[in-house]
Amino acid sequence: MPQRRVCVVGGGAAGLACAWALTRSRAAEVTVLEAAPCLGGVATTEEAGDLRFNDGVQGGAPSYRNTLRLLGELGFEVSWLDMTVSFGTGERHWSNVGAETALVRRCRGDIRRFGELLRRVARREWYYAFVPVSKLLRRNNFSEEFASGMVYPLTALFFGTGSQTSRVSSVLVARVFNDPKLRLFEYDEERLLSQAPKMFAFPPLADVYARLGAEIEAQGGTVRVGCPVQSVVRRRGRAVEVVCGGGERLNFDEVVFATNTEVSQRLLKAGGSRLGFVERRLLSGVEYFDDVTVTHTDAAYMSAHYEMAGKPMYYIKTYNEHGEPSKGEMSFDLSSYQPHARADGESAIYQSIFLNRTADERMWTRGDIDESKIVLVKWWRTFAHTVSHLVRSPLWRFAQGARSTFYAGSYTLVNTHENAIISGLAAAYRLGADYAFADDQLAADQFDLFLSINHGRRRKRVSPGAKGQAGAPSTSTVPAA
């Protein structure tokens, strides 16, 4: 029986995870089409002079088991680090390490009550999924200083939500602390956070995704870069026509969109494909914003806008001076946790992120960065983890597989690299691939949860040693504290 032919549009984390799983299982004849000249999507490695640094994706938590297992399968090791963060400045400064600050002391009562509230949220997730964290805090009479000085910056750090932090679902915030399989920090009822948890930094992402592409090709797949797709035509039955740049027409049985929803919708409309009601609502319902990252070596800028004592890895600044304390911007000290990122003649290389150009550019401090010390400026289209986004996520099950089409990407649930990888593996599973990491309980639990929410399916269990089980466990394990 001829193999099904699958086209994966997009060569980022989700698309390549999907193609890798399909070719590894010999489940389909796979072609990956990527518009950019290299693989990786938003997970890139940039070079400027003697500098080489990862961009777009910075690191991950020990719970990113599918990502760690995939890196292990490709022969990569990660660098394990103690995560340190500096929140706010002056009277509103606090950190997860070092001495207790005045803000923590003023908010002690709120901190203790917040722990109990998070446990209440965990017991009634079905209800609190619809409640944004801002409303949760107001309803329970938490102070503005605690909300905007501690909870919102912390949420922005976890999910990269920035200007949309107050709209994040309360359930997501609670899970970061309550879920023993996913939590990053241990909740401290005196200080909120008081320890530096383990996190990992990726190896050069360009190397990771180049090797993953080569592995897909070695397993019989086709990977084409610099190949923009112009349109996707869905015909009756199991038939999909993909039109590439220059008018080249390719025929497949199924298509996996591993692009953002704006691109997916544009390609389908260009091909004259009618969108179903749910599919149209999902594709148009993801809310995107224009963000920019500025990579630089301006230590004076950092000292002017952040508390630098102890040289933390992450820095978060809120817009208190503009009357918008729930919004802010972030910076990273790349050279403190990327072994391959070192600035010649400078003590550090930083990356500052400015969010939501349309609404918030007037508050950005981007103009304070010395232009002579800017290494790279890069724009992004990102989405927000609003309540409406979270509650809409289970509806993807009605679009997955309809009209020979699947969707993969972090937008299908939560904007993390781990979720992107899982979404690609789940699409491959629906197309007949085996799940590769069934021998890893945490990885499998996360995969199963995503599969049930996003695809409405349960994974079939296979006996140990059966086809599809991964080989030796990844050596990318968490080091002892």
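Residues numbered from 1 in each chain as written. Predicted model: local features only at pLDDT ≥ 70, side-chain atom pairs only at ≥ 80, totals over all residues. Heavy atoms only, no water.

Asks: For this particular structure, what's the right way to read the overall build of the chain?
Replies: When helices and strands are tallied, the chain shows 16 helices and 20 strands. Its C-alpha atoms give the chain principal-axis dimensions of roughly 70 × 55 × 45 Å. Classification of the 481 residues of the chain by burial places 59% in the buried group. Carbon and sulfur atoms form 50% of the exposed surface of the chain, whose accessible area is close to 19,300 Å². (Helix = DSSP H or I, 4+ residues; strand = E, 2+ residues; numbered from the N terminus. Buried < 20%, exposed > 50% of the residue type's maximum accessible area, 1.4 Å probe, protein only. Areas by Shrake-Rupley, 256 points an atom, 1.4 Å probe, with all protein chains shown as cover.)

Asks: Would you explain the packing of aromatic side chains in this entry?
Replies: The geometry of an aromatic ring pair is captured by the separation of the ring centres together with the interplanar angle, meaning the angle of the planes. Following the criterion strictly, the structure yields 21 aromatic pairs and no others. An angle of 80° between the planes, with centres 5.0 Å apart, marks the rings of Tyr-127 and Tyr-128 as edge-to-face. A relative accessible area of 30% places Tyr-127 in the partly exposed class. Measuring from ring centre to ring centre gives 5.3 Å for Trp-396 and Tyr-407, while their planes differ by 55°; the resulting arrangement is tilted. Separated by 11 residues along the polypeptide, Trp-396 in the loop between helix H14 (387-392) and strand S20 (405-407) and Tyr-407 in strand S20 bring together distant segments of the chain. Per residue, the accessibility class of Trp-396 equals that of Tyr-407, and both read buried. Over the ring of Phe-142 we find Arg-113, and its NZ or CZ is 4.1 Å from the ring centre. (Phe/Tyr/Trp six-rings, centres within 6.5 Å; stacked < 30°, edge-to-face > 60°. Lys NZ or Arg CZ within 6 Å of the ring centre and 35° of its normal.)

Asks: Would you mind going over unusual backbone geometry with me for this structure?
Replies: Excluding glycine, most residues fall at negative phi; most peptide bonds, likewise, are trans. Located in the positive-phi region is Leu-192, a residue other than glycine, with phi close to 75°. The topology assignment puts Leu-192 in the loop between helix H8 (170-178) and strand S9 (198-201). The exposure class assigned to Leu-192 is buried, which follows from its relative accessible area of 0%. The phi angle at Asn-356 is positive, at roughly 55°, despite the residue not being glycine. Turning to its location among the elements, Asn-356 is positioned in the loop between strand S18 (350-354) and helix H13 (357-360).

Asks: Would you mind going over the packing of helix H15 (residues 417-430) against helix H16 (residues 441-455) with me for this structure?
Replies: Two quantities define a packed helix pair, namely the angle between the helix axes and the distance between the axes. The interhelical angle for the contact between H15 and H16, taken along N-to-C directions, is 70°, at an axis separation of 10 Å. Considered as vectors, H15 and H16 are oriented roughly perpendicular to each other. Like other packed secondary-structure pairs, H15 and H16 cross with a definite hand, here right-handed. The residues of H16 that touch H15, namely those facing Glu-418, Asn-419, Ile-422, Ser-423, Leu-425, Ala-426, Ala-427, Tyr-429 and Arg-430, are Gln-446, Phe-447, Phe-450, Leu-451 and His-455. For the contact of H15 with H16, the class distribution of residues is 8 nonpolar, 4 polar and 2 charged. (Axes fitted to C-alpha atoms, helices over the stretch in contact; angles between N-to-C directions. Parallel < 35°, antiparallel > 145°, perpendicular 65-115°, else oblique. Left-handed = near helix turned anticlockwise from the far one by under 90°. Contact = heavy atoms within 4.5 Å. Nonpolar A, V, L, I, M, F, W, Y, C, P; charged D, E, K, R; others polar.)

Asks: Explain helix H2 (residues 65-73) here, please?
Replies: In an α-helix, one full turn covers 3.6 residues, which means residues spaced three or four apart are oriented alike. Within H2, 7 of the 9 residues are buried, leaving the element largely enclosed by the surrounding structure. Considering only its buried residues, H2 is in contact with helix H1 (13-24), strand S6 (79-82), S9, helix H9 (205-218), H15 and H16. Trailing H2 by a residue or two, Gly-75 shows a phi angle of about 90°, which is positive.

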